[in-house]
Amino acid sequence: MNAADAESPLKPDELQVLRSQFEKEGEYVGVQTKFNYAWGLIKSTLRQDQQTGVRLLSEIFRSSPERRRECLYYLALGNYKLGNYAEARRYNEQLLDKEPANMQASSLKELIDDKVAKEGLMGVAILSGVAIAAGVVGGMLFRGVGRRK
């Protein structure tokens, strides 16, 4: 299974089963139930669900050291889907440090690196456009000042 496979969302009724179990357990929700629900939310196409999934996984990561390894990939994936690439990379690198042969994490690393490179190029293009526009406006203002004298 690669990172792209992990991004495919659950069917609404499948996510509802996980949500119902999570809500039924209430304040005494088990770690596995919470993880399952968070996993389903991370796979969602809805940003709010993804944010909730990352929050739940972060809670598990902090409170259950024995479950950290299994949280790393989905924290990386969730942060990637939310556009938090630095956080995604941090979690994914932690997983790759523990499991260098993890194919999912390697695949996700490529996705993160590609997205960061594309957004970096987009940022450079935007900054270049702004610099050119500022130069044109500055030149026009400078010429205008020179003509008034």
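In this text the structure is predicted, and so the values were computed from the model without any measurement.

Colleague: What should I look at first to understand the overall build of the protein in this one?
Modeller: Scanning the protein from N- to C-terminus turns up seven helices and zero strands. Each helix (α) and strand (β) of the protein, taken in turn from the N terminus, gives the series α-α-α-α-α-α-α. Of all 149 residues assigned to the protein, the portion counted as buried reaches 34%. A separation threshold of at least 6 residues defines the contact pool for the protein, and within that pool the share at least 24 residues apart is 54%. Total accessible area computed for the protein in this model is approximately 9,400 Å², and 58% of it derives from carbon and sulfur atoms.

Colleague: Please explain the pattern of salt bridges as it appears in this structure.
Modeller: Any two side chains of opposite charge can pair, on the condition that their charged atoms come close. Taken as a whole and assessed by the stated rule, the structure comprises seven salt bridges. Ionic pairing is found between Arg69 and Glu99, a salt bridge with its closest N-O pair at 3.0 Å. A residue pair is termed long-range when its members are at least 10 positions apart, and Arg69 in helix H5 (residues 68-82) and Glu99 in the loop between helix H6 (85-98) and helix H7 (103-148) qualify at 30 residues. Residue Arg69 is classed as partly exposed on the basis of its relative accessible area of 39%.

Colleague: Mind showing me how you'd approach the confidence of the model for the protein here?
Modeller: Low-pLDDT stretches of the model should not have their predicted coordinates read in fine detail. Residues at a pLDDT of 70 or more form 76% of the protein, whose mean pLDDT is 85. Per-element confidence in the protein ranges from a low mean pLDDT of 58 for helix H1 (residues 3-6) to a high of 97 for helix H4 (residues 47-63).

Colleague: How do you make sense of the packing of helix H2 (residues 12-25) against helix H3 (residues 31-42) when you look at a structure like this?
Modeller: A pair of packed helices is captured by two measures, namely the crossing angle of their axes and the spacing between those axes. Contact pair H2 / H3: the axes reach a minimum separation of 9 Å and the direction vectors enclose 145 degrees. The two elements H2 and H3 meet at a crossing, and its hand is left-handed. Between H2 and H3, the contacting residues are Leu15, Leu18, Arg19, Gln21, Phe22 and Glu25 on the first element and Thr33, Lys34, Asn36, Tyr37, Trp39, Gly40 and Leu41 on the second. By residue class, the composition of the contact of H2 with H3 is six nonpolar, four polar and three charged.

Colleague: What is the right way to look at H6 in this model?
Modeller: Working note: α-helix, 3.6 residues per turn, so residues spaced by three or four point in the same direction. Relative to the 20 Å expected for 14 residues at 1.5 Å per residue, H6 spans 20 Å between its end C-alpha atoms, a close match to the ideal helical length. Three or more residues of H6 are buried, namely Tyr85, Ala88, Tyr91, Asn92, Leu95 and Leu96. In an axial view of H6, the angular spread of the buried residues amounts to 140 degrees, which keeps them on one side of the axis. Looking at H6, the residues exposed on the side facing more than 90 degrees away from the buried face are Ala86, Asp97 and Lys98.

Colleague: What is the right way to look at the packing of aromatic side chains in this model?
Modeller: We describe a pair of aromatic rings using the distance from one ring centre to the other and the angle between the two ring planes. Inspection of every chain in the model, using the stated rule, returns five aromatic pairs. Note on Tyr73 and Tyr74: the rings are 5.0 Å apart at their centroids and 85 degrees apart in plane angle, and the pair reads as edge-to-face. Classification of Tyr73 as buried rests on a relative accessible area of 4%. By the ring-pair criterion, three or more aromatic residues cluster together here, those being Phe35, Tyr73 and Tyr74. Sitting above the plane of the Phe61 ring, Arg68 keeps its charged end 5.3 Å from the centroid. Cation over ring: Arg90 sits above Tyr91, and NZ or CZ is 4.6 Å from the ring centre.

Colleague: Hey, could you run me through the packing of H4 against H5 in this one?
Modeller: With their axes 9 Å apart at the nearest point, H4 and H5 run at an angle of 150 degrees to one another. Regarding the angle of H4 to H5, the classification is roughly antiparallel. Crossing angle aside, the handedness with which H4 passes H5 is left-handed. Facing H4, whose interface residues are Arg47, Gln50, Gln51, Val54, Leu57, Ser58, Ile60, Phe61 and Arg62, H5 presents Arg68, Cys71, Leu72, Tyr74, Leu75, Gly78, Asn79, Lys81 and Leu82.

Colleague: Where do I start with H3 in this structure?
Modeller: For H3, with twelve residues, the first-to-last C-alpha span of 16 Å sits near the 16 Å given by 1.5 Å per residue. Three or more residues of H3 are buried, namely Thr33, Lys34, Phe35, Tyr37, Ala38, Gly40, Leu41 and Ile42.

Reading guide: rules and limits
Residues numbered from 1 in each chain as written. Predicted model: local features only at pLDDT ≥ 70, side-chain atom pairs only at ≥ 80, totals over all residues. Heavy atoms only, no water. Helix = DSSP H or I, 4+ residues; strand = E, 2+ residues; numbered from the N terminus. Buried < 20%, exposed > 50% of the residue type's maximum accessible area, 1.4 Å probe, protein only. Contact = heavy atoms within 4.5 Å. Areas by Shrake-Rupley, 256 points an atom, 1.4 Å probe, with all protein chains shown as cover. Salt bridge = Lys/Arg side-chain N within 4 Å of Asp/Glu carboxyl O. pLDDT = per-residue confidence, 0-100. Axes fitted to C-alpha atoms, helices over the stretch in contact; angles between N-to-C directions. Left-handed = near helix turned anticlockwise from the far one by under 90°. Nonpolar A, V, L, I, M, F, W, Y, C, P; charged D, E, K, R; others polar. Expected span 1.5 Å × (residues − 1). Arc of directions from axis to C-beta. Phe/Tyr/Trp six-rings, centres within 6.5 Å; stacked < 30°, edge-to-face > 60°. Lys NZ or Arg CZ within 6 Å of the ring centre and 35° of its normal. Parallel < 35°, antiparallel > 145°, perpendicular 65-115°, else oblique.

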